[in-house]
Amino acid sequence: MRKAARYLALTIVVFLTILPVLWVVKIALSGSNTFQGAELSPIPSVLSASNFLNVVGTHDAQGNWLFGRQLLNSVMVSVLTTLVGITVACTAAYAFSRFRFEGRRAGLFMFLVSQMFPGILMMVPLYVIMQRLHLLDTMIGLVLIYGITSVPFSVWMLKGYFDTIPKDLEEAAVMDGASPARVFWSVVLPLSMPAVAITALFSFMTAWNEFVLAYTFLSEETAFTLPVIIRNYVGEHTVQWGFFAAASIIVSVPVVALFFSLQRYLVGGLTAGGVKT
Amino acid sequence: MSAVFALARKTEMRRWAAGLIGALTGGAAAFSLAMDARAVIDSSAVIEQTLAQSLGAVAGNLPHHDPATGIGFMVFVAMACAVLCALLCRPTARLLANLRDRPMIYAAIAPAMAGMVLLIFVPFFMGVYLAFLDNDRNFVGLANFMEILFPQGTSDTNFYFTLGVTVMWTVLNVVLHVAIGLALALVLSDSKLRGRAWYRVLLIVPWAVPNYITALVWKWIFNTQYGPANAFLALIGLNPVDWLGRSFLTNFAANLVTNTWLGFPFMMVVALGALQSIPRDLYEAAEMDGAGRWARFTNVTMPLLKPALFPAIILGSIWTFNMFNVVYLVSGGAPDNQSNILITEAYRAFRVLKNFGMAAAYSLIIFVILAVYTSLTNRLTRAAENVFE
């Protein structure tokens, strides 16, 4: 009896959690861009792919496939951000975890402090810096900003995980004559895959989901990333809810899929980072 | 004895020298910054426009003004730099010595540090500089801060009201996130529960969805005409509520519900991981000693959860405190900016009042509040960290 109640409670919570998602799916499949009235049921009454086809099938004035181009931009920016973020964060986190050196505390503190800077304050100066470096309207500019903004969180998490790996393993490798770089590459890194996977996921998400900077720094339609086009469906006065819903699903699906495939790492990877700060 | 004096004088000398160098570089930096301010301010009009568009708002034009080189500002920065250099003289020397001995370590952290300095700290300090300028680009010292902290009758925003709302917003959110997340984690950590993986996967969904999409979806849910929220009220026989209308409470509630939906999975996952790392035998031992369910929770689970939960709570409260997307996109501050939190109020100073100095000053105040909060809670965390030792 007690058990049944628990399952029931859990199912209700889960249902409430995914209800908004179900509604969005329903709108996306409705084949229309407007509402007749409020509906509570999450079960789609119409099954139409027209919203999806409209979102996916956009072309620019030259007849090039715009959506494909924007999808490619998003993938490129996100993958590059992940590579930059992870490389930079891994080496730094290892140094912070294993060595005691002058400036270590200050460095770690810097990472924490940087999390508190309000984005509004940085937006204008960042624009100027990008302009000076001639990186406006380029993919590299976005990749650099996203990569670096994801670094503080990544370093904290990876450092926490590296801290939990016993030093004996590395000492054994050093005895065998391995260089510090080699120890890191072939001993520490393979053992830290859960944390690296999670960190990669977060870096990827930072880039994949960001739209304010992307919209501000990019002016060419062909350079847009997907979140920018979603925003375009939600205008000041009219909202194309059907297109918005369909585009939202398209943008969310890859991240949700990544989340699910990495979720067994998620639990262990996050906590190790949390325990030792 | 005299050797000690000589040494003392030497360090003293070094400090003065460092201070002098600091003053010179600070002055130079201030000068170039003041020159750069023209670029900052010129492009702020452009950015303001694109930004406003990107957030679905009506764009306006910034009035154009000449930048002020601000002698007072240069002196101010030079003095600050001098003090800083004098204070940092010893650590810097040690750092340089360290750098000579172990270049590998510094090479490993250099990319991260360089990137952070260029793309996070430099923009931050440029923003700080703007906080001391008025709308005519003159150096006005602390005037912007005074206007915020000591609001006159003419001012249409009250800092203290917004601060109260922000604190309430942060506390309620974090409490709800932790309570829901922890409760779910406790249920899900039971290995006898069937379909655990499925429940877990589904409960993480809100975290995986981009938060601006979430915010816009919830704005629709709370729509008076088309929103399912009112459809539900109609179903149980209640009158529809104008959620995002003229009432502060319903607007605030709408924001809160949205952010709760958004935020509990993070706490749940953190708690789940921490629960898994608690050794089984501790529970068995406690059970042997006759500890009941509640006693086991308070004496075993909670103390061992704390080291993982505290940092997550600190991080979570910083994120919530600055949760721009939800507040801006769901309630948009309605009614009359009452449901705004500090970060959206800063944005309003930027976009509506067209006062970038004021917006920067607001942002700086937010930063100071968070810095104080973190340093205070950091002590608590340290205390909590000792559980395992």
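Residues numbered from 1 in each chain as written. Chains lettered and ligands numbered in written order. Predicted model: local features only at pLDDT ≥ 70, side-chain atom pairs only at ≥ 80, totals over all residues.

Student: With reference to specific residues and values, describe the domain arrangement of chain A.
Tutor: All names here are of chain A. Partitioning chain A into domains gives domain 1 (1-48) and domain 2 (64-275). The distance between the C-alpha centroids of domain 1 and domain 2 comes to 32 Å. Facing eight residues of domain 1, the contacting portion of domain 2 comprises eight residues. Residue composition of the side of domain 1 that touches domain 2, by class: five nonpolar, three polar and no charged. (Domains from an automatic or database assignment. Contact = placed C-beta atoms within 7 Å. Nonpolar A, V, L, I, M, F, W, Y, C, P; charged D, E, K, R; others polar.)

Student: Lay out the interface of chain A and chain B in plain terms, naming residues and giving numbers.
Tutor: Counting residues at the interface gives 82 residues for chain A, matched by 87 residues for chain B. Looking at the side of chain A that touches chain B, the elements that each hand over two or more residues are helix 1 (2-29), helix 3 (66-98), helix 4 (104-114), helix 5 (119-132), helix 6 (139-164), helix 10 (212-217), helix 11 (226-233) and helix 12 (241-275) of chain A. Top contributing element to the side of chain A that touches chain B by residue count: helix 12 of chain A, with 17 residues. Residue composition of the side of chain A that touches chain B, grouped by class: 58 nonpolar, 19 polar and five charged. (Helix = DSSP H or I, 4+ residues; strand = E, 2+ residues; numbered from the N terminus.)

Student: Now, about the confidence of the model for chain A: what can you tell me, with residues and values included?
Tutor: All names here are of chain A. On average, residues of chain A carry a pLDDT of 84, and 95% of them reach 70 or more. For chain A, per-element mean pLDDT is lowest for helix 12, which scores 78, and highest for helix 3, which scores 92. Here residues 273-277 is modelled with pLDDT under 50, and outside its nearest four sequence neighbours on either side it reaches 19 contacts, counting other chains as well. (pLDDT = per-residue confidence, 0-100.)

Student: Outline unusual backbone geometry, supporting the account with residue identities and numerical values.
Tutor: Not every positive phi belongs to a glycine, and Asp 137 of chain A is a case in point at roughly 65°. As for its placement among the helices and strands, Asp 137 of chain A is situated in the loop between helix 5 and helix 6. With 14 C-beta atoms packed within 10 Å, Asp 137 of chain A lands in the partly exposed category. For Asp 336 of chain B, which is not a glycine, the phi torsion comes out positive at approximately 50°. Summarising the element assignment, Asp 336 of chain B is placed in the loop between helix 12 (324-329) and helix 13 (342-351). Asp 336 of chain B sits in the exposed class, given 11 other C-beta atoms within 10 Å. (Buried ≥ 20, exposed ≤ 12 C-beta atoms within 10 Å, placed from the backbone.)

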